[in-house]
Amino acid sequence: MANTNIIPHQHKITKQTRSKQYGFKPLLLWYTGLSGSGKSTLAGKVEEHLFNDGIATYILDGDNIRSGLNSDLDFSEISRKENIRRIGEVSKLFIDAGMVVSTAFISPFEEDRKTVLNLVGATTFVEIFVDCPLEVCEQRDVKGLYAKAKKGEIKNFTGIDSPFEKPKNPDVYVNTHEMNLEECVEKVLNFIKPKIAL
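Everything numeric in this text was worked out from a predicted model, so none of it was measured.

Visitor: What exactly am I supposed to notice about helix H4 (residues 77–96) here?
Guide: Because each turn of an α-helix spans 3.6 residues, side chains separated by three or four positions end up pointing in the same direction. Helix length check: H4, at 20 residues, gives a terminal C-alpha distance of 29 Å against a target of 28 Å (1.5 Å per residue), a fit within 8%. Every buried residue belonging to H4 is among Ser79, Arg80, Asn83, Ile84, Arg86, Ile87, Gly88, Ser91, Phe94 and Ile95, and all of these are buried. In the core, the buried residues of H4 are packed alongside helix H1 (15–22), strand E1 (27–32), strand E2 (57–61), helix H3 (62–66), strand E3 (100–104) and helix H5 (110–120). Looking one or two residues beyond H4, the residue adopting positive phi is glycine 98, at roughly 90 degrees.

Below, the structure is given as structure tokens:
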């Protein structure tokens, strides 16, 4: 139930005025895919290109967020939904600040991704599906998470005992098993540059 005592303040400086001053439009780049698919690596490389072009950017990464803002959440279904909800709200603040914000989260459920899209608006939301076969992600498994999940040490792990609902119509699709990093970066940049241009 909404608290009637909370009334958001309307500030004079808006994301539109910030865009005019900064010289670009804000955007949310939502990278989704299995653990080990290459989301963080791709987001980081895209951010480097944007930053070098003078675009103010920031990455919200799964492990980093869970070690701070969302450290109170476990990996139950309800906590995972809350994790994504909070990320959506934080992303909305970054968009209001006029930045290009990237999120690298498994975000396995279509409903949760749609919630974020509705929260920030379709014009500022870009869904990037970082696809990679499960067996390849398991081979990469630098954190040893898949091995732990198969031993039962991690419950509700996406791809093992919890599903991943593939995006039906992502804005950008990359397959990190078949494409090299620079090809993936180029595909993302080619899509987003017209969107952030004034």
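Picking up after the structure, the text goes on.
Visitor: Sorry, what's going on with the pairing of E3 here?
Guide: Counting buried positions along E3 gives five out of five residues, so the element sits mostly inside the fold. A two-sided burial pattern is seen for E3, the buried positions comprising Val100, Ser102 and Ala104 on one face and Val101 and Thr103 on the other. Sheet topology note: the E1/E3 ladder contains five bridges and is parallel. Bridge assignment links leucine 27 to a residue of E3, and that residue is valine 100. Note: E2 against E3, five bridges, orientation parallel. By the bridge assignment for E3, isoleucine 59 is matched with serine 102.

Visitor: Would you take a moment to explain the packing of aromatic side chains for this structure?
Guide: By the definition in use, this model includes seven aromatic pairs. Summarising the aromatic geometry, the rings of tryptophan 30 and phenylalanine 105 are spaced 6.2 Å apart at their centres and angled 25 degrees between planes, so their arrangement reads as stacked. Of this pair, tryptophan 30 sits in strand E1 while phenylalanine 105 sits in the loop between E3 and H5, and the two are 75 residues apart along the sequence. Of the two residues examined, tryptophan 30 and phenylalanine 105, each falls in the buried class. An aromatic cluster of three or more residues is present, and its members are Trp30, Phe105 and Phe125. The ring of phenylalanine 75 is capped by arginine 66, whose NZ or CZ atom sits 3.9 Å from the centre of that ring. The positively charged end of arginine 113 is found above the aromatic ring belonging to phenylalanine 164, 5.8 Å away from the centroid.

Visitor: Which parts of the structure should I look at to understand the pairing of strand E4 (residues 125–131)?
Guide: For a regular strand, side-chain orientation follows a simple rule: the groups alternate between the two sheet faces. Burial analysis of E4 places seven of its seven residues in the buried class, which makes it a mostly covered element. Residues Phe125, Glu127, Phe129 and Asp131 line one face of E4 and the alternating positions Val126, Ile128 and Val130 line the opposite face, and both faces are buried. As defined by bridge partners, E1 adjoins E4 across five bridges and the pair is classed as parallel. Along E4, the bridge assignment pairs threonine 32 with phenylalanine 129.

Visitor: Explanation requested: the sheet that holds E2 in the structure shown.
Guide: One key point about sheets: their strands pair by backbone hydrogen bonds, in either a parallel or an antiparallel sense. On the basis of which strands lie adjacent, the open sheet formed by five strands has the order E2-E3-E1-E4-E5 and parallel pairing. Every other strand in the sheet has two partners, leaving E2 and strand E5 (172–175) as the edge strands with one partner each. The average undirected angle you get between the axes of adjacent strands in this sheet is 20 degrees. Across the sheet, helix H8 (residues 181–196) is in contact with E1, E3, E4 and E5; its angle to E5 comes to roughly 170 degrees.

What counts, and at which threshold
- Residues numbered from 1 in each chain as written.
- Predicted model: local features only at pLDDT ≥ 70, side-chain atom pairs only at ≥ 80, totals over all residues.
- Heavy atoms only, no water.
- Helix = DSSP H or I, 4+ residues; strand = E, 2+ residues; numbered from the N terminus.
- Expected span 1.5 Å × (residues − 1).
- Buried < 20%, exposed > 50% of the residue type's maximum accessible area, 1.4 Å probe, protein only.
- Contact = heavy atoms within 4.5 Å.
- Pairing = 2+ DSSP bridges.
- Phe/Tyr/Trp six-rings, centres within 6.5 Å; stacked < 30°, edge-to-face > 60°.
- Lys NZ or Arg CZ within 6 Å of the ring centre and 35° of its normal.
- Axes fitted to C-alpha atoms, helices over the stretch in contact; angles between N-to-C directions.

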